[in-house]
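So the chains spell out like this:
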Amino acid sequence: MRAVITVIGKDMVGILAKVSGICSDCNVNVIEVTQSVLQDMFAMIMLSDISDCSVPFAEFSDKMKALGDELGLSIHVMHEDIFNSMHRI
Amino acid sequence: MINSGDILETIDMIQNENLDIRTVTMGISLLDCIDSDIDKACDKVYDKITKYAKDLIPVCEEIEKEYGIPIVNKRISVTPVAMLAAACQTSNIVKFALALERAANTVGVNFIGGYSALVHKGFAAGDYALIESIPEALSVTEHVCSSVNIGSTKTGLNMDAVLKMGKTIKKCAEVTADRNCIGAAKLVVFCNAPEDNPFMAGAFHGAGEPDCVINVGVSGPGVVRTALQKSEGLDITGVADLVKRTAFKITRMGQLVATEASKRLCVPFGIVDLSLAPTPAIGDSVANILEEMGLESCGAAGTTACLALLNDAVKKGGVMASSHVGGLSGAFIPVSEDAGMIKAAEKGILTIEKLEAMTAVCSVGLDMIIIPGDTHEDVISGIIADEAAIGMVNFKTTAVRLIPAIGKTVGDTLSFGGLLGQGPVMKVNTASPSKFIHRGGQLPAPMQALKN
């Protein structure tokens with residue numbers, strides 16, 4: 001199962017390191033990363049493989065949310081299928 | 001990888017534009033719970049619902065978490081209770097409502113619909129008793145919703161039932177006057193009621209439905225409005241295309257959740273209801289979409305045309321996104337649940353007469369309209385008859401959910417809180433239709449019914 005992790009907020013040092021740190025702690029493999037700065041806002045999108053995630057999905061998602069709250073960023077972890085179903089026929 | 005613009009668009013829809021799954025509703029047949037002993041029947045009802053729906057809430061919460069999409073309501077609809085009441089040797093059938101309430105509390109759903117009767121061609125055993133018991137049932141329970149189908153295109157209108165429902169709506173408001181007349185907000189009078197509608201208060205599980213089924217209602221007025229806001233200078237064909245594209249995306253998400261919920265609960269998937277259902281939250285308003293199309297306010301001349309376009313485009317966009325479409329499918333216009341409608345009604349721009357015209361082209365009918373508490377019951381029946389006639393002739397579902405605000409009059413406000421919202425008491429034409437309403441009988445089906 002693949003999940004999309006999105007990080008949106010003000011740019012700062014170490015975002016990528018912290019997010020990928022949690023991925024590594026939970027045995028989540030990062031497949032692809034894109035990032036861009038839109039109107040002073042930082043937007044990073046990571047495609048990750050969560051098939052071998054060492055914690056339940058909900059816990060992984062909560063950890064990311066907690067990191068987001070700590071850094072003042074909006075971090076979401078969502079199943080890839082929601083984007084596929086919405087944007088692909 | 002998926003286009004990052006698309007990903008951000010989805011996140012934006014959920015975070016900022018109130019995109020959500022409005023309801024996952026489990027339909028459960030109670031036909032096998034029929035028993036001549038009402039206590040036994042109630043036990044069977046409770047046992048069946050709590051057995052079938054025990055995982056409904058946990059599974060929905062799991063899906064919410066995994067897909068990051070909020071599922072606002074989890075609900076249950078059941079076989080019209082009048083069918084169970086028909087077998088019972090008692091007239092005190094409120095026990096069924098209490099059994100439904102207990103089941104709803106046990107499984108944790110926020111509404112359970114189906115305290116209903118289908119009387120479009122006359123009253124069968126159980127129907128009278130059920131209708132008589134509605135005010136008490138809605139007063140002693142919190143989660144139970146009731147509906148009565150009084151007409152259809154095929155059968156015409158049961159005018160005896162129309163008379164009865166005027167009285168019943170008034171009584172429902174009176175017995176719950178101390179709780180903002182909430183009883184009347186949980187009662188819908190239908191013409192052409194669909195059997196697979198997931199939305200409350202009118203949901204029930206039709207007799208033609210399978211034993212258990214999952215129906216999903218999507219929403220997203222905020223998303224449609226924002227899409228229109230971002231696209232200046234479109235002609236009206238462009239507007240329709242944009243609504244279609246947006247409705248497609250919203251519905252695909254509904255279809256995904258419906259399929260997933262059905263798989264995890266091991267219950268067949270029924271339908272996705274393609275709806276734009278507003279909430280009182282700012283920005284989540286159908287009225288605002290109409291205003292975005294170019295009206296100064298919802299209720300202005302042009303409102304019916306804009307709503308017709310919206311309703312049609314939502315269906316056209318949604319129908320390809322789902323394998324089975326059903327329920328009410330279209331744009332809802334519940335006044336007290338829509339911030340834009342409330343504002344227009346407060347200003348006096350949106351009137352009941354205009355709303356009636358709008359119901360000819362929207363998905364349901366006169367919904368969540370607060371009227372003066374001293375409105376005569378025959379006037380309420382007259383409004384029901386008008387609304388049902390629109391549904392009957394146009395081969396569409398129409399409904400009436402009016403709340404007589406006991407002790408209040410035009411200019412006052414009634415507030416329910418939560419999803420039911422609040423609204424101003426609206427002016428009603430008080431000229432009497434009493435003689436017509438008291439004639440009784442069956443208003444014949446129109447020519448449109450003879451399609452065979």
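To keep things clear, this report deals only with the structure shown in the data block. Just so you know, these numbers come straight off a predicted model, no measurement behind them. (Residues numbered from 1 in each chain as written. Chains lettered and ligands numbered in written order. Predicted model: local features only at pLDDT ≥ 70, side-chain atom pairs only at ≥ 80, totals over all residues.)

### Notes on the overall build of chain B
Now for step 1: Secondary structure assignment for chain B yields 16 helices and 15 strands.
Now for step 2: Taking 452 residues into account, the globule formula puts the C-alpha radius of gyration at 22 Å, and chain B, at 21 Å, falls close to it.
Now for step 3: Along the longest, intermediate and shortest principal axes, the C-alpha atoms of chain B span 65 × 50 × 50 Å.
Now for step 4: The buried share of chain B, taken over its 452 residues, is 60%.
Now for step 5: Put simply, of all contacts in chain B between residues at least 6 apart along the chain, 80% involve residues at least 24 apart. (Helix = DSSP H or I, 4+ residues; strand = E, 2+ residues; numbered from the N terminus. Rg over C-alpha atoms; globule rule 2.2 N^0.38 Å. Buried ≥ 20, exposed ≤ 12 C-beta atoms within 10 Å, placed from the backbone. Contact = placed C-beta atoms within 7 Å.)

### Some points on the overall build of chain A
Now for step 1: Within chain A, the regular secondary structure consists of three helices and four strands.
Now for step 2: Listed by position from the N terminus, the elements making up chain A come as β-α-β-β-α-β-α.
Now for step 3: Taken over the C-alpha trace, chain A has a radius of gyration of 13 Å; the compact-globule value for 89 residues is 12 Å, and the two agree within 12%.
Now for step 4: Dimensions of chain A, computed from C-alpha atoms along their principal axes, come out at roughly 35 × 35 × 20 Å.
Now for step 5: When burial is assessed residue by residue, chain A has 30% of its 89 residues classed as buried.
Now for step 6: Put simply, 66% of the contacts in chain A that link residues at least 6 apart link residues at least 24 apart.

### Some details on the interface of chain B and chain A
Now for step 1: Facing the 19 residues of chain B at the interface are 20 residues of chain A.
Now for step 2: For the side of chain B that touches chain A, the element with the most residues is helix H1 (residues 4-16) of chain B, which contributes six residues.
Now for step 3: Split into classes, the residues belonging to the side of chain B that touches chain A amount to nine nonpolar, five polar and five charged. (Nonpolar A, V, L, I, M, F, W, Y, C, P; charged D, E, K, R; others polar.)

### A word on the packing of helix H6 (residues 127-140) of chain B against helix H7 (residues 159-175) of chain B
Residues and elements named next belong to chain B.
Now for step 1: The geometry of H6 relative to H7 is characterised by a closest axis approach of 9 Å and an angle of 20 degrees between their N-to-C directions. Between H6 and H7, the angle falls in the class roughly parallel. Every pair of crossing elements has a handedness; the one defined by H6 and H7 is right-handed. Facing H6, whose interface residues are Ile-131, Ile-134, Pro-135, Leu-138 and Ser-139, H7 presents Lys-164, Thr-168, Lys-171, Cys-172 and Val-175.
Now for step 2: In terms of residue class, the contact of H6 with H7 is made up of six nonpolar, two polar and two charged. (Axes fitted to C-alpha atoms, helices over the stretch in contact; angles between N-to-C directions. Parallel < 35°, antiparallel > 145°, perpendicular 65-115°, else oblique. Left-handed = near helix turned anticlockwise from the far one by under 90°.)

### Points about the pairing of strand E7 (residues 212-218) of chain B
All names here are of chain B.
Now for step 1: With six of seven residues buried, E7 is to be regarded as a mostly interior element.
Now for step 2: Here seven bridges tie strand E1 (residues 21-28) to E7, and the two strands are oriented antiparallel to one another. Its bridge partner lying in E7, Met-26 is registered against Ile-214.
Now for step 3: Across three bridges, E7 lies against strand E8 (residues 269-273) in parallel orientation. Within the sheet, the bridge partner assigned to Gly-217 lies in E8 and is Asp-273. (Pairing = 2+ DSSP bridges.)

### So, the nonpolar core
Residues and elements named next belong to chain B.
Now for step 1: Ranked by size, the top nonpolar core spans 181 residues in total, and within it Leu-100, Ile-150, Val-162 and Val-257 carry the most contacts.
Now for step 2: Per element, the largest residue contribution to this core is eleven residues, and it comes from helix H10 (residues 236-265).
Now for step 3: Filtering out sequence-adjacent residues up to four positions away, Ile-150 remains in contact with Val-119, His-120, Leu-157, Asn-158, Ala-161, Val-162, Met-165, Val-189, Phe-190, Cys-191, Ile-384 and Ala-388. (Core = buried A, V, L, I, M, F, W, Y, C linked by C-beta atoms within 7 Å.)

### Side note on unusual backbone geometry
Residues and elements named next belong to chain B.
Now for step 1: A cis amide bond links Met-200 with the next residue in sequence, Ala-201, at an omega value of 10 degrees.
Now for step 2: With respect to the helices and strands, Ala-201 occurs in the loop between strand E6 (187-191) and E7.
Now for step 3: Phi angles above zero are rare outside glycine, and Asn-180 is one such case at about 55 degrees.
Now for step 4: In this structure, Cys-181 is a non-glycine residue whose phi angle is positive, near 55 degrees.

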